[in-house]
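# Residue-level structural notes
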Amino acid sequence: MDNLNLKPRLVFDYFAEICKIPHGSKNEAQISKFLQDFGKGLGLETIADELGNVLIKKPATAGYENHKTIILQSHMDMVCDKRKDVEHDFMKDPIRLVVDGDWLKADGTTLGADNGIGVAAAMAVLADDTLVHGPVNCLFTIDEETGLTGAQALGKEMLEGDILLNLDSEDEGEIFIGCAGGVCSYADYRFIWERISGDMFYMRADISNLVGGHSGDDINKGRANANKLLNRFLSRIAQKYEFYLCDISGGSMHNVIPREASAVFAVQSADKESVRVDFNIFAAEVRDEYMATEPDMRLVLQSTDPMPRVIDKECTAKLLKSLHAVFNGVFAMSGDVPGLVETSSNLASVRVVDNAVKVVTSQRSSIESARDNVAATVCAAFELGGATTVSKGHYPGWKPNMNSQILKVACEQYTALFGGEAKIKAIHAGLECGLFLEKAPHLDMISFGPTMRGVHSPDERLSIASTERFWQHLVAILANSPAK
């Protein structure tokens, strides 16, 4: 086994193995089989359902048989994103790991520590016979990042246990006891391809090198949305000049704040220099607005080859107006938890597919009715622009339980290990915990993990020192788990 010579050794060695296996969302067959073979190789009871979710059961250490059964849960899929200048095929290429001081990173791609490090920690628990613990069931779910479909389809028999430790949080020293629910809303703008004549000049506008990030956890950090910025420029010139939209593309996944967007358009040749001036003014404005949060923002306008056809003008006008109007960002802050985002929306992706412009957005909220309201608000903006819309993939939030028995154990053990007090928090991101509670309302749950930054982007990085503290904390919780 290749290793990184990092501590905790077993956790990082397993993580390195995981990084060799393609495991993007909806491409988990190989990692699922790897985990099944791993469990069977240890001689442990291993179960896999039709979707590829995997459950591996480890009996209690001698003397701990009367302790409650703990489910260690993590998801096996990762967000696949890379810089434009990086050659990488997520369907076959391994993640190339880079150690930079205290940070473990990937070479120009997402790292997959979300949630590969949780998977690796659970594997280490299964393999390490020096640990003491009650019965442990390690549950590895598929497709968390693109709809929580593994958790949604999970049978109740896969959730046999008393306590669930979700290993999918990103701030060591913080214990999460609640999360947001979510939904995706989609819009389709049907259009007619048209041909234009006359002395036209074709241009391409590109916005890139934005920070991006997680559409839940990072939505309140004031980062720019590439789709919003691009549409802002296009709307400006469409109002001033004879304007034809040829192509538009921005963003990737629903749970990623878009970092890049581009469009090809045509204007009268006589207007091209005026458009360049407008673009320079626009670029100066947005650089000034986002000076603090987007220091590496790149805005480029250049000539390009003529396109054989353009999107019809009526659809273009409605598309640009509704993209301008649609809400993006923090919709409401929590009235119960100071500093917690309650409700938000992300304009995730815009692209031309055949005879339609397809728009994907995602909404999150810790309140179900607020989630549905902001989704309806987003859909209304698109429908006013002539689009057909649908919201689907609803998943529930997780209501905090301050009287949790395992929360008390986790807090006590954190103080015993490190002296300080762990912070108890809720998170504005989708965890699978809400779905687990629907299926098994008796479960006592918390979520915790090592420190990560830049998740869902090529800037994703994992703190090595925090991973060791996370491991020590996990081991202590298992050793001090409640009796039945």
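In this report, we go over the structure that sits alongside the text. (Residues numbered from 1 in each chain as written. Predicted model: local features only at pLDDT ≥ 70, side-chain atom pairs only at ≥ 80, totals over all residues. Heavy atoms only, no water.)

## Description of the overall build of the protein
Of the regular secondary structure elements, the protein holds 11 helices and 23 strands. For the protein, whose C-alpha radius of gyration is 24 Å, the value lies close to the compact-globule estimate of 23 Å for 484 residues. The principal-axis extents of the C-alpha atoms in the protein amount to approximately 85 × 45 × 45 Å. Each of the 484 residues in the protein was classed as buried or not, and the buried ones make up 58%. By sequence separation, contacts in the protein at least 24 residues apart represent 78% of the contacts at least 6 residues apart. Accessible surface for the protein amounts to roughly 19,300 Å². Of this, 49% is attributable to carbon and sulfur atoms. (Helix = DSSP H or I, 4+ residues; strand = E, 2+ residues; numbered from the N terminus. Rg over C-alpha atoms; globule rule 2.2 N^0.38 Å. Buried < 20%, exposed > 50% of the residue type's maximum accessible area, 1.4 Å probe, protein only. Contact = heavy atoms within 4.5 Å. Areas by Shrake-Rupley, 256 points an atom, 1.4 Å probe, with all protein chains shown as cover.)

## Remarks on the sheet that holds strand β4 (residues 97–100)
The strands that make up a sheet pair up through hydrogen bonds in the backbone, lying either parallel or antiparallel. Spatial strand order, β4-β5-β23-β22: four strands in an open sheet with antiparallel pairing. Where the open sheet ends on each side, the last strands, each with one partner, are β4 and β22 (452–453). Examined bridge by bridge, β22 and strand β23 (residues 461–463) share two bridges and lie antiparallel to one another. By the bridge assignment for β23, R453 is matched with R461. (Pairing = 2+ DSSP bridges.)

## Observations concerning the packing of aromatic side chains
Within the structure shown, the criterion is met by 11 aromatic pairs. Here a set of aromatic residues connected by ring pairs shows up, and it is made of F233, F243, F265, F279 and F282. Geometry around Y244 places K313 over its ring, the cationic atom sitting 4.9 Å from the centre. For the cation-ring pair, R461 lies above W103, with the distance from its terminal atom to the ring centre recorded as 5.2 Å. (Phe/Tyr/Trp six-rings, centres within 6.5 Å; stacked < 30°, edge-to-face > 60°. Lys NZ or Arg CZ within 6 Å of the ring centre and 35° of its normal.)

## A closer look at the side chain of K228
Tracing the backbone through its elements, the reader meets K228 in helix α5 (residues 226–240). E289 provides the closest opposite charge to the buried, salt-bridge-free K228, at an N-O distance of 12 Å. A distance of 2.8 Å separates a polar atom in the side chain of K228 from the backbone oxygen of L323. Each residue touching K228, except ones within four places of it in the same chain, is listed here: L323, H324, A325, V326, N328 and L347. (Lys, Arg positive; Asp, Glu negative; His and termini not counted. Salt bridge = Lys/Arg side-chain N within 4 Å of Asp/Glu carboxyl O. Polar contact = N/O pair within 3.5 Å; in protein donor to acceptor, adjacent residues only side chain to side chain.)

## Here's the deal with α5
An ideal rise of 1.5 Å per residue puts 21 Å on 15 residues; α5 measures up with 22 Å between its terminal C-alpha atoms. All of the buried residues in α5 are A226, N227, K228, L229, L230, N231, F233, L234, S235 and I237. Buried-residue contacts for α5 involve β11 (200–208), β12 (243–250), β13 (261–268), α6 (272–289), α7 (313–325) and β17 (341–353). Where α5 begins, one side-chain oxygen reaches toward the backbone nitrogen of N227, 2.9 Å away; that side chain belongs to N225. (Expected span 1.5 Å × (residues − 1).)

## Topic: the nonpolar core
L72, F140, L165, I446 and L474 are the most contacted members of the largest nonpolar core, which has 61 residues in total. For this core, the element with the most residues is helix α3 (residues 113–127), which contributes 10 residues. The next biggest cluster of nonpolar side chains, apart from the first, holds 46 residues, and it includes L210, Y241, V267 and M297. (Core = buried A, V, L, I, M, F, W, Y, C linked by side-chain atoms within 4.5 Å.)

## Focus: the pairing of strand β2 (residues 54–58)
Along β2, four of the five residues are buried, which leaves the element largely enclosed by surrounding structure. Here strand β1 (residues 45–48) runs beside β2; their pairing, made up of four bridges, is antiparallel. Note on β2: the bridge partner recorded for A48 is V54. What sits between β1 and β2 in their antiparallel hairpin is a turn of five residues, with G52 showing a positive phi close to 110 degrees. Of the strand pairs in this sheet, β2 and strand β6 (residues 136–141) are connected by five bridges, and their pairing is antiparallel. Across the sheet, residue K57 finds its bridge partner in β6, namely N137.

## Looking at helix α1 (residues 9–19)
Of all 11 residues in α1, nine are buried; the element is thus mostly enclosed. In this structure, the buried side of α1 is in contact with α2 (29–41), β4, β5 (103–106), α3, β23 and α11 (464–479).

## Comments concerning unusual backbone geometry
The peptide bond linking K7 to P8 adopts the cis configuration, its omega dihedral lying at 5 degrees. In this fold, P8 is placed in the segment before α1. In this chain, D114 is followed by N115 through a cis amide linkage whose omega measures 10 degrees. Positionally, N115 belongs in helix α3. Backbone geometry at N209 places phi at a positive 65 degrees, although glycine is not the residue there.

## As for the environment of Q73
Relative to the helices and strands, Q73 is located in strand β3 (residues 70–75). Spatially, the C-alpha atom of Q73 lies 9.8 Å from that of L159, the residues being 86 residues apart in sequence. For Q73, the contacting residues outside a window of four places in its chain are L139, T141, L164, L165, N166, L167, E432 and F436. A polar contact is formed between the side chain of Q73 and the side chain of E432, at a distance of 2.7 Å.

## Side note on the packing of helix α9 (residues 405–418) against α11
Two elements in contact, α9 and α11, have axes separated by 9 Å at closest approach and are oriented at 125 degrees. Classed by the angle they form, the pair α9 and α11 counts as oblique. Judged by the twist between their axes, the crossing of α9 over α11 is right-handed. On α11, the residues touching I406, V409, A410, Q413, Y414, L417 and F418 of α9 are R469, Q472, H473, A476 and I477. Considered class by class, the residues forming the contact of α9 with α11 number eight nonpolar, three polar and one charged. (Axes fitted to C-alpha atoms, helices over the stretch in contact; angles between N-to-C directions. Parallel < 35°, antiparallel > 145°, perpendicular 65-115°, else oblique. Left-handed = near helix turned anticlockwise from the far one by under 90°. Nonpolar A, V, L, I, M, F, W, Y, C, P; charged D, E, K, R; others polar.)

## Description of the packing of α2 against α3
Their axes nearest at 11 Å, the elements α2 and α3 cross at an angle of 15 degrees. By the angle class used here, α2 and α3 are roughly parallel. Handedness of the crossing formed by α2 with α3: left-handed. In contact with F34, L35 and F38 of α2, α3 contributes V119, M123, L126 and A127.

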